[in-house]
Every structure is written in C-alpha cells, then in structure tokens.
Amino acid sequence: MATEPYQQDIAGECVNTLGNAIGMPQLCDAWFGNQIFWLLVTLVAIYLILTKIALPRVSAVLAERSGTISNDLAAAEDLKRQAVEAETAYEKALADARAEAQRISDEARAAIKADLDAAIAQADEKIAAKSAESQKAIDEIRAGAPASVAEVARDVAAEIVKALGGKADAATVNAAVDARVKGN
Amino acid sequence: MAEPSAEGGLSFHPMDQFMIKPLFGEYGDPVSWYTVTNLTLWMGLAVVCVAGLFVFATRGRAIIPDRGQSVAELAYGFVYKMVEDVTGKDAVKYFPYIFTLFLFILFANFLALIPSSFSPTSHIGVTAVLAFAVFFAVTILGFVKNGASFLGLFWVTSAPLAIRPVLAVIELISYFVRPVSHSIRLAGNLTAGHAVLKVFAGFAQVAAISPFAILGVAAIYGLEVLVGFIQAYVFTILTCVYLKDALHPNH
C-alpha cells in the first residue's frame with residue numbers, strides 16, 4: 001500500500017488513502033495528459049498500420065477478386081457463346097447430312113427407275129416382236145387354210161366317189177369342189 | 001470492487017476500474033503524461049488486435065478468403081460503404097482516418113469487456129480528444145474547401161427569411177455542442193455499462209441475491225457487447241455526417 005508522502009502527491013488528487021477512486025476517475029485532470037498522449041500514439045500507430053500495410057492490401061485483394069469474378073463471368077459468357085455456336089454447327093451438319101441422304105436416295109431411286117424403264121421397254125419390244133411373229137404365223141396359217149380345205153375336200157370327194165363305185169374324174173371333182181368352195 | 005468493510009456492510013467501488021495506474025513501479029507513483037499505464041497497455045492491445053486482424057489475418061491475400069481475412073474485408077467494406085453512402089464519393093480519401101477512429105473505438109470497447117480489463121473509451125479525456133479532433137478537422141476542412149460559403153451551413157435558405165436568424169443561432173449552438181455530445185455519448189455509455197456491471201458483481205457477494213446478480217451481470221454483459229459495437233458505429237457515422245456538412249455545406 002502507498003506510504004504517506006505520495007498520497008498527497010499527484011495521484012492523491014484522484015485516489016484516497018485506501019487506494020479507491022475519489023469521485024469519477026474520468027474527471028481527474030491529473031490523468032488527462034497521460035490519456036491524450038497515449039491516445040495520440042495509439043491513433044498514429046493504427047493509422048500507420050492501416051495506411052502502410054492493411055488498406056492497400058485489402059483493397060488490392062478486393063480489386064483482384066472483383067477482377068477475377070468479372071473475368072470468370074466473361075469467360076463463362078464466352079464458353080456459352082461457343083456452346084451455342086457448336087450447337088448451331090451441329091444442327092447445320094445434321095441438316096446437311098439429311099439433305100445429302102435425301103439426294104443420294106433420290107438419285108438411286110431415279111437410276112433404278114431408269115433401269116426399270118429401259119428393261120420394261122426392252123421387254124415390251126420383245127413382246128411386240130414375238131406377238132408380231134405369232135400374228136404372222138397365224139396369218140400364214142389362216143391364209144393357207146382355204147387351200148387346204150379345198151384339197152381335203154377334193155381328196156374326200158374323190159374317195160367318196162370311188163367308194164360309191166363311180167369313176168372319179170379328177171378334173172370334174174376339182175371343178176365341183178372349187179365351185180362348192182367358192183360358192184361358200 | 002465490493003468488499004465487506006470493517007463496519008460489516010458492503011462497500012462498492014464501481015468507479016475504481018476506471019483508475020489509471022502506472023503499469024510498472026509502485027502503485028501510487030505519480031502519473032505524468034509519458035508514464036506507461038494500464039491505459040497504455042489496453043490501447044496497445046487494441047493496436048495489436050488491429051494489426052492481428054489487418055496484417056496477420058490478411059497475410060494470405062487470398063482470392064477466396066479464410067475467416068480472419070473475411071472479417072477484415074467485412075470491416076473494411078462496412079466502413080468504406082458508410083463513408084461512401086453518408087459522406088459521398090469525394091470523401092473516400094478521408095476513409096483511412098475514419099477507419100482508424102472506428103477500429104480504435106471498436107477494439108477498445110470490445111477489449112474492455114474482458115473481465116478486469118480497462119476501458120480507454122470510457123474516459124472523457126480520450127473521447128473528447130477524438131471528438132474535438134473530428135470537430136476541428138471538419139471545421140477547418142469546411143473553411144478550406146468552401147471558404148466563407150461554409151457559413152451557409154448556418155443560414156438555412158430553405159426557411160422563410162424572418163426565421164433564418166433564429167435558425168442560425170440554433171444551428172450555431174448545435175454545431176458547437178456536437179463535439180460535446182459526440183464525446184460524452186461514447187464515454188457515458190461505456191462508463192455506465194461498466195459501472196453497472198461492477199455494481200451487479202458487487203451484489204453477487206450477498207449469497208441470497210447472488211443468482212440474480214450473476215444473471216444480471218450476464219444480461220448486462222450481452223447488452224454491453226451490443227453497446228460496444230453500436231457506439232463505435234454511431235461515433236463513426238456521426239463523423240461521416242459532420243464531414244458531409246464540411247464538404248457540402250449547402251446540403
């Protein structure tokens with residue numbers, strides 16, 4: 001505990017003999033100098049720490065961060081644009097391929113049709129030739145038929161006359177047969 | 001502290017916590033302006049905390065901040081935005097000064113909540129220096145930036161001419177009361193809160209009411225945490241408002 005002399009000293013204005021505060025220590029003017037001095041030292045220290053180290057560092061970090069974020073956003077935008085472009089290109093390639101396939105199938109169809117038409121025409125030609133030939137044969141047969149009939153009738157008439165016991169005169173029979181056949 | 005006195009009753013000394021004592025040497029040694037005292041210690045700890053938060057915690061300079069760096073950036077952004085919003089974009093160059101005030105008051109207030117610590121901001125001698133520094137800086141800045149038109153702050157042109165002189169007197173008085181209210185608000189809040197804490201703690205010595213006293217201490221402590229932040233915020237935002245008056249006196 002304090003001894004007698006300095007209790008009357010500068011501390012004694014604010015502190016009683018038991019070491020307790022007299023009134024409000026805040027209002028003790030003996031301590032103001034100390035408060036003001038150390039406050040100024042403290043403020044200068046904090047100010048120097050902030051301006052020399054802390055604030056440039058924090059603002060640099062914040063600026064760098066916002067730069068990074070905007071860069072990343074721009075990159076994302078770019079990638080999105082690329083994706084859209086790729087999709088367009090894909091769609092275009094798909095449409096091209098579809099058109100190409102259509103073209104190829106059309107060509108094939110046309111070629112097949114041409115071949116088929118040629119074959120049909122050839123077959124028709126053959127059929128026509130064959131039917132003309134047949135017609136000719138039929139016509140020949142048809143043209144030959146009256147002569148054959150007359151000949152058969154002549155032979156039959158000669159045989160009938162012979163069978164009836166007559167004497168078949170070839171000229172008479174021929175004349176009679178010709179007359180009958182013509183008469184028909 | 002409260003201790004049973006020789007008469008057998010309780011004697012409270014809630015104000016003893018505010019006494020300034022030399023850190024080294026005998027108790028009761030004279031305290032001159034350069035003496036290293038408990039006030040020096042706790043202000044120094046505030047400086048250490050500022051350095052810890054803004055130098056040590058931000059040493060990574062990480063794009064994705066860790067917790068400490070986040071807190072530092074949050075504090076920076078909080079005060080920076082306050083200066084920008086309240087005072088204007090042209091006041092951003094005064095941000096380091098305002099941030100210094102804010103951080104000093106904030107850490108002094110919070111460190112004062114450590115039991116048996118000392119609260120520098122409860123001293124009117126400390127807060128008055130802060131407030132008058134703001135007052136003089138703002139007044140001088142106002143005249144330097146605006147010249148005589150700074151006096152337009154007191155001549156309210158939006159009011160009718162007849163009552164302008166009356167308003168001028170009121171404005172003038174309120175202007176000069178600013179540093180007083182500015183400093184007493186902070187010191188008074190801190191002093192009252194810490195004194196009440198001590199009174200409740202003193203009552204805790206009486207067995208019958210000690211549970212209530214301890215609950216009271218806990219409740220007041222929570223309140224004081226809020227007060228510690230809010231007073232730092234209020235001091236800072238008022239500084240911004242005063243600075244705005246100096247930079248743009250014609251509203």
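None of the values given here were measured: they were computed from a predicted structure.

Cut-off values and rules
- Residues numbered from 1 in each chain as written.
- Chains lettered and ligands numbered in written order.
- Predicted model: local features only at pLDDT ≥ 70, side-chain atom pairs only at ≥ 80, totals over all residues.
- Heavy atoms only, no water.
- Contact = heavy atoms within 4.5 Å.
- Buried area = accessible area lost by both parts, 1.4 Å probe.
- Salt bridge = Lys/Arg side-chain N within 4 Å of Asp/Glu carboxyl O.
- Polar contact = N/O pair within 3.5 Å; in protein donor to acceptor, adjacent residues only side chain to side chain.
- Helix = DSSP H or I, 4+ residues; strand = E, 2+ residues; numbered from the N terminus.
- Nonpolar A, V, L, I, M, F, W, Y, C, P; charged D, E, K, R; others polar.
- UniProt positions renumbered as here; feature names shortened; annotations may be inferred.
- Expected span 1.5 Å × (residues − 1).
- Bend = angle between axes of the 7 residues up to and from the residue.
- Core = buried A, V, L, I, M, F, W, Y, C linked by side-chain atoms within 4.5 Å.
- Buried < 20%, exposed > 50% of the residue type's maximum accessible area, 1.4 Å probe, protein only.
- pLDDT = per-residue confidence, 0-100.
- Phe/Tyr/Trp six-rings, centres within 6.5 Å; stacked < 30°, edge-to-face > 60°.
- Lys NZ or Arg CZ within 6 Å of the ring centre and 35° of its normal.

1. Looking at the interface of chain B and chain A
Thought 1: Contacts between chain B and chain A engage 50 residues on the former and 45 residues on the latter.
Thought 2: Summed over both sides, the interface between chain B and chain A buries roughly 4200 Å², with carbon and sulfur atoms accounting for 72% of that surface.
Thought 3: Linking chain B with chain A are one salt bridge.
Thought 4: One salt bridge connects Glu73(B) with Arg65(A), and the closest N-O pair in it is separated by 2.8 Å.
Thought 5: Across the chain B-chain A interface, the total number found is 14 residue pairs in polar contact (both at pLDDT 80 or more).
Thought 6: Sorting the residues of the side of chain B that touches chain A by element identifies helix H1 (38–56), helix H2 (67–87), helix H3 (95–111) and helix H4 (124–146) of chain B as the ones contributing at least two each.
Thought 7: When residues of the side of chain B that touches chain A are assigned to their parent elements, the largest contribution, eight residues, is made by H1(B).
Thought 8: The class makeup of the residues in the side of chain B that touches chain A is 31 nonpolar, 13 polar and six charged.

2. Description of the UniProt feature "coiled-coil region" (unreviewed entry) in chain A
Thought 1: According to UniProt, the "coiled-coil region" (unreviewed entry) feature falls on residues 76–140 of chain A.
Thought 2: Taken as a whole, residues 76–140 of chain A contains 100% helix and 0% strand, while its terminal C-alpha atoms sit 94 Å from one another.

3. Section: helix H5 (residues 164–203) of chain B
Thought 1: The terminal C-alpha atoms of H5(B), which comprises 40 residues, lie 54 Å apart, in line with the 58 Å expected from a rise of 1.5 Å per residue.
Thought 2: At Val177(B), H5(B) shows its maximal kink, close to 40°; a proline, Pro179(B), follows between one and four residues later.

4. Here's the deal with the nonpolar core
Thought 1: Membership of the largest hydrophobic core comes to 71 residues, with the highest contact counts inside it found for Leu50(A), Phe54(B), Phe99(B) and Phe104(B).
Thought 2: Listed by contribution, the elements that provide at least two residues to this core are helix H2 (32–163) of chain A together with H1, H2, H3, H4, H5 and helix H6 (210–247) of chain B.
Thought 3: The element that contributes the greatest number of residues to this core is H3(B), accounting for twelve residues.
Thought 4: Among all residues touching Phe99(B), those that are not within four sequence positions of it are Leu50(A), Leu55(A), Phe54(B), Ala75(B), Tyr76(B) and Val79(B).

5. Side note on the confidence of the model for chain A
The predicted structure's coordinates, where accompanied by low pLDDT, should not be read in detail.
All names here are of chain A.
Thought 1: Of the residues in chain A, 92% reach a pLDDT of 70 or more, and the chain-wide mean stands at 86.
Thought 2: Within chain A, helix H1 (residues 4–7) has the poorest average pLDDT of any element, 43, and H2 the best, 93.
Thought 3: Taken together, the stretch residues 1–11 has pLDDT below 50 and engages in 19 contacts with residues farther than four places along the chain or on a different chain.

6. Topic: unusual backbone geometry
Residues and elements named next belong to chain B.
Thought 1: Its identity as a non-glycine residue notwithstanding, Arg61 has a phi of 50°, on the positive side.
Thought 2: Take Arg61: it is sitting in the loop between H1 and H2.
Thought 3: Within the chain, Ser116 stands out as a residue other than glycine whose phi angle is a positive 65°.
Thought 4: Looking at the secondary structure, you find Ser116 in the loop between H3 and H4.
Thought 5: Assessed through its relative accessible area of 73%, Ser116 is described here as exposed.

7. A few points about the UniProt feature "transmembrane region" (unreviewed entry) in chain A
Thought 1: Within this structure's numbering, the places UniProt gives as "transmembrane region" (unreviewed entry) are residues 36–55 of chain A.
Thought 2: Counted over residues 36–55 of chain A, helix gives 100% and strand 0%. Its end C-alpha atoms are 26 Å apart.

8. Here's the deal with the packing of aromatic side chains
Ring pairs (aromatic) are described by centroid distance and by the angle formed between their planes.
Residue and element names in this part refer to chain B.
Thought 1: Across all of its chains, the model carries 23 aromatic pairs over all chains by this definition.
Thought 2: When the centroid spacing of 5.4 Å and the interplanar angle of 50° are considered together, the rings of Phe135 and Tyr175 count as tilted. Separated by 40 residues along the polypeptide, Phe135 in helix H4 and Tyr175 in helix H5 bring together distant segments of the chain. Summarising the burial analysis for this pair, Phe135 and Tyr175 share the class buried.
Thought 3: Through a chain of ring-to-ring contacts, three or more aromatic side chains come together here, namely Phe132, Phe135, Phe136, Phe143, Phe150, Phe154, Tyr175 and Phe176.
Thought 4: The cationic tip of Arg59 hangs over the ring face of Phe56; the distance from NZ or CZ to the ring centre is 4.1 Å.

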